[in-house]
Structure formats: C-alpha cells, structure tokens
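So the chains spell out like this:
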Amino acid sequence: MKLAHLLAASSLALMAGAAAQAKTLVYCSEGSPEGFDAAPYTAGTTLDASGKTVYNRLVEFDLGTTNVVPSLAESYEVSEDGLEYTFKLRPGVKFHTTDYFTPTRDMNADDVIFSFNRQGDESSPWHQYIAGISYEYYSGMEMPAVIKEIQKVDDLTVKFVLTRPEAPFLANLAMSFASIVSKEYADQLEAAGTMEDLNNAPIGTGPFKFVAYQKDAVIRYQAHDDYWKGREKIDDLVFAITTDPAVRMQKLQAGECHIMPYPAPADLEALKADENLTVMEQAGLNVAYLAYNTTVAPFDKPEVRKALNMAMNKQAIVDAVFQGTGQLAKNPIPPTMWSYNDAVVDTTYDPEAAKQMLADAGVSDLSMEIWAMPVQRPYMPNARRTAEMLQEDFSKIGVNVEIVSYEWGEYLAKSTDPARKGAVILGWTGDNGDPDNFLAVLLGCAATGDGGANRAQWCNEEFDALIQKAKVTSDQAERTKLYEEAQVIFKDQNPWATLGHSTVFMPMSKKVTGYVMDPLGTHNFTGVDIAE
Amino acid sequence: MIRFLLGRFAYLVPTFIGITIVAFGFVRLLPGDPVLLMAGERGISPERHAQLTEQLGYDRPIWVQYFEFVGNLFQGDFGNSLSTKKPVLDEFLTLFPATIELGLIAILIATLVGIPLGVFAAIKRGSVFDQVSMGAALVGYSMPIFWWGLLLIIFFSGILGWTPVSGRIDLLYFFPNGTGFMLWDSLASGQSGAFTSAVRHLILPSIVLATIPMAVIARQSRSAMLEVLSEDYVRTARAKGMSPFRVVGIHALRNALIPVITTIGLQIGVLMAGAILTETIFSWPGIGKWMIDSISRRDYPSVQGGLLLMAGVVMIVNLIVDLLYGVINPRIRHK
C-alpha cells in the first residue's frame, strides 16, 4: 500500500516536473492558414504558419531587418554579368523527424531543385499536385521569366542561371514561396498516392516541426531538436486562432495567450496601460496613397495633380484616420526601406496657392470621383473617412468630389481600368524589402494597363529608365542613388498623393523575451523565450 | 401515418431543388470574383485572370456549371474549397460537430429555461414576475449577438475571470483522433480536468446562442399556456377539485407544448444564423465561422456546398419536428 502511494506520488512529481519544464508559447493568431505548403499562397496569415515556422530558404531576411543573409546556403556567388547565382549549401542540415516521416539523408541540392521546379515546371506531377493550385508569388515575382535553369553542380552546390540580370533576385529567394521542401518526403508521398499531404503535414528544416492542425482552432508545433541553428528555447509553439481583435485582446489580458498581432487601434491605450503587457511597435513597410489617373484630363497635367496635393491637409488626415498609429508619407516607399530619400520635400499644404495653380492650368469647376476602399487594410484603417476629409479639403479650392466605392474584389479590378475616372485610395505592403517591389510594381511602365498595379497609369520615361537600370545593377550603393533620383521625379510629377505609412503594433505578455518584430510584417518565433 | 410521411418527404424534393439554385446562385450574385481577391493590390493581367478562371472552370456558361454542381452532388461530391483545396464535405464534417455541440446545448438551455419561464409568466399573468420575465425576453430577442457576446466575455472572463475567453478546451488537452464532440472526447480521454475545461468553454457561447431562441420560446410558451388555461376542460378540471399542479402540469402543459415544439423546430434555422456570429466571437471552430470566411473569399464551392448542407440539416430537423408533431397531436396525422 505504502509502495503504491510512493509510486503514485513520485509519478505525479515526475509529471509536474515535466509540465514545468515544457515551455509553451501561445500566439493568438488572426486567422486560419489555407494550407502548410508555403509556395501556393500569398496571405501573410498562411505564410506565418508555414514559411516562418516549418521552413527555411537558401537565404533569409536577417530578423528585424530587410537585409538578406545566407541560411540553408552557407555562401553564394554572383557572376560578373549577374546571370549566374551559385549557392554552396550548408552541410548536415536535418529535415524534421515526425510520426509521419523519418528522413534518411540531410538536405541537399535535389531538395533545392525540387522546391523550385515544382513551381516552374508545368510538366512536373507536383505542379498541380492539388487540382486548382497555382504559384502566385512565383509568377508574381516574375520567376518564370527570370530563371532559365537550375543546375546541380554537386550534392551541395546549386547554380541558378538567369535570363537577365535581376538585382532583387536574392531578396525574392528569401520570401516564403522559395522555402526548401524535402524531396525525399515528396517522393514518399507520391509513391503512396497521398501527394496532397505536402500541404497538410509539412516537413521542412525550420525551427519548429508541425504537430497538428485542428481546423480553424489550433495549430501545434514542437521545437525541432536537430535545428541547424540550435534548438529553440521554447518547447512547444501553439497558434490559437482568434479572428476578432477585441477577443484577442481579452485572451491576452486573461493570460490565455502570450502574444497577439493586429490589435484594434481603439484598444491600444488600454493595452499600453496594462502593467502585465508590453506593446512593441514598428513602422510598417507600407504606404497608403491616392492615385490619380494620369492618362485622363485634367489629371494628365502634373500641375493639376500638384495643385490637388497642395489642397490636402494630410497631417489632419493622418491624425484623424490613423489615430496615432501612422505617420505622414512623402515618398512612395516607407522610411525604413533602404534608398528612402529623406531630402525630398513634400508638397506644402496651401489651399490658396493650389486654387491659383488650378486657375493657371485653365481648370475650373472641376468635378471628380474619389474611390474609397470598402475594407480596412494594414496600410489604411479607414478609407471612407480619408475620402470624406479629402472631399472637404478639395471643396475649399472649388473642386467637387463624389465619393464612390465598390465591393473589394470589384474595387481592385476596376481601379486598374486605364479609362477609370477619378482618383483611387489604395496602398501596398512590401513583399521582400526591395525598393523595386514598390517603385517598379506600383509605378513602372510595365505595370500600367488593365490588371496592372500601376493605378495611376503613370508611365514616365525618365523614372522608368532609372528603376529599370536599378533592377539590373547589383551594386546596392549605386542602386540607392538611382532610386533616390527616381523619388525626386516622382515627387515632381505627383502621380499620387502619398498619404501615410501605418505603424504595426505587437502586444505581448511581459514574460515573453527575445521577440523581434519583422519590418516585412511576418511573425517569427525564433529566439523567443518565456520567463518563469 | 405512411401517407403522412410520404407527403412530408414529397415536400422535400422541390425544396431541395430550390435550395440548390439559391445556394449556387447566391454567391455568384455577389460582386467580386475569387481570382481578383486572391491577386489583391498587386492586380492581375487579363491573360492570367482568364487562365486562372479557366483552370477553375468558371469561364463556362453558368447553367453548365450549375448542372455539373448538381450532377456531382448525386455522387456525394460537393467540390473542393478554393482556399484550402480540400473537399468541401470533409471540411464541413470536420467542423460540424463543433456547431452541433454548441447548438444542442444552446437549444437545451433555451428550452429548459424558456418553457418554465413562459409557463410561470402565464400562471402569474400580470404579476411582477410576468412583466419582468417578458420584458427580459423582449430585450433578449432584440439583443445584437455580437455586442452581447463581447459584453459577457469582458464581464465574466475579463473582469471576474470565471470563464475562459474563447476556444473549445484548454490548450493543454489535445485529442488528435477525437470525434469532434469535445464533451464526449474529453470524457472518453479520461484525462482529469478535461471535461470540466470543455464545459467551462461552452458556458458563454451557449448562453449567447441560446438568448434569442430562449426569448422566443418563453413568449410562445406564455401565450400558448394562456390560451389553454382559458379552455373549458381546464376550468372543468379545476372545478373537479384537481390540484393546481395536476391541472397545469399535466392537462394544460401537454396541450400548450404543441405549438411550442413547432417553435423550437423553427428556432433551429435561427440557431444556425446565430451560430455564425457566436462562433466568430468565441473563435469556435464550427461551420458558422467557416461560412463567413468562405463568403469573404468568394470561395464558391465552400459557400454553395456549405449552404446546401446547412439547409439540408435544417430541413431534416424540421421534418423530424413535423413527425414529432404528428405523434403528439393525432389530429394532424389523420388529416
């Protein structure tokens, strides 16, 4: 009897000990992932749950910066002509061992080639391993046009041959879609006829291995014991999916989770006042803008666009709309991005001068549309309110504004119509921290036309020549100069009114240590610890 | 009885056809298409748009798509979700237990509280109790669910700390091969504290979801009871010197319950609508939350499949209620 008691007591103590040792970090995530293959998806919520936890890439963004540093590739070389990128792979990198897969070899060139070819090679059985799948980032970053071939030099050396020099190529390789998956695992799935499991039960080399996903509720991960950078300090990572920001805040305050993204702006005061919490903040890598249609009169005249920009009280808009969670924008790229030209002077708020300028341009009784997005986006908390304030500002210089809006999908499509009337409120969040990802994607000549992201339909030869040149130049100092010059032309021509850059907030328990905010807006839990 | 049954089944056929048309048409009537939403601010070239639309089969005439949808239904194929690429039926079946569990507990609370409330209010007609309870029912009926849910969370979870904020069970517990019915899974697991945790997580969402049906049931019970209490046979029973408990509890209540049962059946549809909001607030992984996400993504197969399956469930429940009604009230069966 006594022995039984003793045994029971000691096993209890053991269990308690184990429970005390296991460190679990609970993250109240904002939505459900669409799947766990990082290549076919573009939503940040999905990529947080796969690209940032389960996978690594050849190169990665140094956490907390947009600098590209080696990762699964130990080192890389770029040929003189910028057409060949040779990656030396890190030896001894282990894939996850789970109850559904046990790797027999380390990561090698086959895995790298497989990870890209399945996206680029339409004849690969993996290209459509799930019906209806498509690789939007791979095509969006122009990889099919840029990559000529990928060669296996030896087991630990891979060479990418490009069709043209492409300076943002390395930054693109650091994005989640370029995650390295296990070919051995894929082969096993193919043989078993369960290819779709690549998207359900992922295997990577990343800091955390996937354990289970209960749809719309919880995602569970465990620290990867053989992680090549060393095992994480936390043992378990849990994503508790909580879509409503007010509920996320309640959960954080009640101690049901340690950290949450995207607090409601109205709750920030209360969160900051809570003595158990820390609220980290960082300038977001984004911009909100008002794009004129520069191909339609009278907005084809730069002086008209400038006059309208001068009529806006932007500071008042930022104060009212962002409520302390944003800052004025003068350039089309955010201040945290390299090549940001701080010497550019924003158009000054001067309604009187604006009125005169319009009269000088021969414009009177101007009526225009301002499009307000129907949804909240990370770069723009309230487009409707912004439009109303612009309407009021413009009325002071005799410009009559009609505010229009469409359903979000329609809005996105109709706003790319080259014949569109009126100016559009929209914005952008950077994908890879490269200025090309803003300046070429949003303002380049190639992005004009139906379906393009250049909603100003603005094609300025001088500007375009600069960003094209920067795109094929590999020297960053030289690129910086080119982009700085491009920003001067942009400001001179005013195809947009740059409205604001929003700040990103990350409230967390004071027990959480080592969390680093990513300027690219992803959520990473490497290096995070929980104080006892 | 057989004729009655057949008659009821015959009603289902046109209803079902109607639902397929509504479910199929509804999401397509909404502006915005899934390909555009997927592309986001980046935009998409007309060629790529056409290519993806074709890949998804949405370039074909609408009636071809409809008949393919219906044809596939007969093979049990509800299509694949555009976002997760998984079969819609699998997604539905994964999430449905959570909704059933929440819905059953809610309707149980609504019935067990609503009927006695209505009956007592009828017996004590005009009293303070009557006025307070019927006033409360009116408030409950008019309560915006989202606001009400958040209020309860802030008060009971935030300030008092009595109940968890959201979710189905403490993250400590995890049943990978469970049935999806958390109360059952937690009991079957034998882990201490699991069942209590599941119950604690159910309290607030089920109260929120029960609020409107409870108010409706209470009001309906009251008026049904009042009507019955004024019937001759009740007066006769009272005149015979039967105890008030027997008069009300046995003779009056049985007859008063008939319309109340219909009301409860009709509340199943209301419950489904309420589940959409309740699940969203409490991060409850059920079909309500899933439908909302699918609609905002214009995930055509998920929305049409989900609507159809939900409508199917409501139809079956209503059929059962009809049959039950026939059992309780023989006059209907013999009509």
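- Chain B goes by Peptide ABC transporter permease in an unreviewed UniProt entry, where it is assigned to Cereibacter changlensis JA139.
- In UniProt, chain B has this text filed under Sequence similarities (unreviewed entry): "Belongs to the binding-protein-dependent transport system permease family."
- Per its UniProt entry, chain B bears the Subcellular location (unreviewed entry) comment "Cell membrane".

- Chain A goes by ABC transporter substrate-binding protein in an unreviewed UniProt entry, where it is assigned to Cereibacter changlensis JA139.
- The record in UniProt for chain A states the following under Subcellular location (unreviewed entry): "Periplasm".
- Under the Sequence similarities (unreviewed entry) heading, UniProt states for chain A: "Belongs to the bacterial solute-binding protein 5 family."

### Digging into the UniProt feature "domain: Solute-binding protein family" (unreviewed entry) in chain A
Okay, so step 1: Residues annotated by UniProt as "domain: Solute-binding protein family" (unreviewed entry) correspond here to residues 67-448 of chain A.
Okay, so step 2: Helix makes up 29% of residues 67-448 of chain A and strand makes up 21%, while its end C-alpha atoms are separated by 29 Å.

### Focus on the domain arrangement of chain B
Residues and elements named next belong to chain B.
Okay, so step 1: By domain assignment, chain B separates into domain 1 (11-74) and domain 2 (92-334).
Okay, so step 2: Taken residue by residue, the interface counts 19 residues in domain 1 and 13 residues in domain 2.
Okay, so step 3: With both sides pooled, the region where domain 1 packs onto domain 2 buries about 1,500 Å², and carbon together with sulfur makes up 79% of that total.
Okay, so step 4: The three residues of domain 1 that bury the most area against domain 2 are Leu-12, Ile-19 and Val-27, which together make up 29% of that side's buried surface.
Okay, so step 5: Elements that contribute at least two residues to the side of domain 1 that touches domain 2 include exactly α1 (2-29), α2 (34-39) and α4 (62-74).
Okay, so step 6: Element by element, the count of residues in the side of domain 1 that touches domain 2 is highest for α1, at 10 residues.

### Observations regarding the nonpolar core
Okay, so step 1: With 151 residues, the main nonpolar core has A:Phe160 and A:Ile425 as its most contacted residues.
Okay, so step 2: With 6 residues, helix α16 (residues 436-443) of chain A is the single largest residue contributor to this core.
Okay, so step 3: Not counting chain neighbours up to four residues away, the residues in contact with A:Ile425 comprise A:Tyr289, A:Leu290, A:Ile370, A:Trp371, A:Met373, A:Met380, A:Ala383, A:Thr386, A:Ala387, A:Leu390, A:Tyr411 and A:Leu499.
Okay, so step 4: Of all hydrophobic cores here, the second largest spans 35 residues; its members include B:Ala194, B:Ala224, B:Val228 and B:Leu271.

### Some thoughts on the UniProt feature "domain: ABC transmembrane type-1" (unreviewed entry) in chain B
Okay, so step 1: Those residues carrying the UniProt feature "domain: ABC transmembrane type-1" (unreviewed entry) are residues 96-325 of chain B in this numbering.
Okay, so step 2: Helix makes up 80% of residues 96-325 of chain B and strand 0%, whereas the separation of the span's terminal C-alpha atoms amounts to 26 Å.

### Examining the pattern of salt bridges
Okay, so step 1: Scanning all chains against the criterion turns up 33 salt bridges over all chains.
Okay, so step 2: Taking the shortest distance from any N to any O, the salt bridge between A:Glu388 and A:Arg384 comes out at 3.7 Å. Placement of the pair is A:Glu388 and A:Arg384 together in helix α14 (residues 383-395), with a separation of 4 residues, close to one helical turn.
Okay, so step 3: Among the residues examined, A:Glu388 registers a relative accessible area of 32% and is labelled partly exposed.
Okay, so step 4: Residue A:Glu407 is joined to B:Arg298 by a salt bridge in which the shortest nitrogen-to-oxygen separation is 2.8 Å. With A:Glu407 in the loop between β15 (400-404) and α15 (408-414) and B:Arg298 in the loop between α12 (287-296) and α13 (300-328), this pair bridges two chains.
Okay, so step 5: Through salt bridges with shared partners, a single ionic network connects A:Glu142, A:Arg164, A:Glu166 and A:Lys471.

### Digging into the domain arrangement of chain A
By a widely used convention, the size of an interface equals the accessible area lost when the partners come together.
Residue and element names in this part refer to chain A.
Okay, so step 1: When the domains of chain A are assigned, the result is domain 1 (24-241 + 511-530) and domain 2 (286-503).
Okay, so step 2: On the domain 1 side of the interface with domain 2, the three residues burying the most area are Ala-167, Pro-168 and Leu-520, jointly 39% of the side's total.
Okay, so step 3: In this assembly, domain 1 and domain 2 are joined by 2 salt bridges.
Okay, so step 4: Of the charged contacts, one joins Glu-142 and Lys-471 as a salt bridge, the two residues approaching to 3.6 Å between their closest N and O atoms.
Okay, so step 5: At the surface where domain 1 touches domain 2, the tally comes to 3 residue pairs in polar contact (both at pLDDT 80 or more).
Okay, so step 6: In terms of residue class, the side of domain 1 that touches domain 2 is built from 9 nonpolar, 2 polar and 3 charged.

### Thoughts on the state of the cysteines
Residue and element names in this part refer to chain A.
Okay, so step 1: Inspection of the entire model under this criterion finds 2 disulfides over all chains.
Okay, so step 2: Shown here is the disulfide that connects Cys-28 with Cys-257, its sulfur atoms set 2.3 Å apart. Classification of the bridge connecting Cys-28 and Cys-257 rests on its S-S torsion, roughly -105°, and on that basis the disulfide is left-handed. Of this pair, Cys-28 sits in the loop between β1 (24-27) and α2 (44-49) while Cys-257 is found in the loop between α9 (245-253) and α10 (268-273), placing the two residues 229 residues apart along the sequence.
Okay, so step 3: In this model Cys-445 forms its disulfide with Cys-459; the gap between the sulfur atoms is 1.9 Å. Taking the sign of the torsion about the S-S bond as the criterion, the disulfide between Cys-445 and Cys-459, at about 95°, is right-handed. Taken together, the residues Cys-445 in the loop between α16 and α17 (461-471) and Cys-459 in the loop between α16 and α17 connect sequence positions 14 residues apart.

### Quick look at the interface of chain B and chain A
Okay, so step 1: Chain B puts 42 residues into the contact, and the matching count from chain A is 57 residues.
Okay, so step 2: With both chains or domains summed, chain B and chain A bury close to 3,900 Å², and 56% of this area falls on carbon and sulfur atoms.
Okay, so step 3: Per-residue buried area on chain B facing chain A is highest for B:Glu41, B:Arg42 and B:Leu171; these three make up 22% of the total on that side.
Okay, so step 4: Counting every contact that joins chain B to chain A gives 4 salt bridges.
Okay, so step 5: We note a salt bridge from A:Arg377 to B:Glu41, for which the minimum N-O separation is 2.8 Å.
Okay, so step 6: The tally of links between chain B and chain A comes to 13 residue pairs in polar contact (both at pLDDT 80 or more).
Okay, so step 7: Put simply, the parts of the chain that give the side of chain B that touches chain A at least two residues each are α2, α3 (46-56), α5 (88-123), α7 (145-159), α11 (244-281) and α12 of chain B.
Okay, so step 8: Tallied by class, residues from the side of chain B that touches chain A come to 20 nonpolar, 13 polar and 9 charged.

Quick notes on the rules
Residues numbered from 1 in each chain as written. Chains lettered and ligands numbered in written order. Predicted model: local features only at pLDDT ≥ 70, side-chain atom pairs only at ≥ 80, totals over all residues. Heavy atoms only, no water. UniProt positions renumbered as here; feature names shortened; annotations may be inferred. Helix = DSSP H or I, 4+ residues; strand = E, 2+ residues; numbered from the N terminus. Domains from an automatic or database assignment. Contact = heavy atoms within 4.5 Å. Buried area = accessible area lost by both parts, 1.4 Å probe. Core = buried A, V, L, I, M, F, W, Y, C linked by side-chain atoms within 4.5 Å. Buried < 20%, exposed > 50% of the residue type's maximum accessible area, 1.4 Å probe, protein only. Salt bridge = Lys/Arg side-chain N within 4 Å of Asp/Glu carboxyl O. Polar contact = N/O pair within 3.5 Å; in protein donor to acceptor, adjacent residues only side chain to side chain. Nonpolar A, V, L, I, M, F, W, Y, C, P; charged D, E, K, R; others polar. Disulfide = S-S within 2.5 Å.

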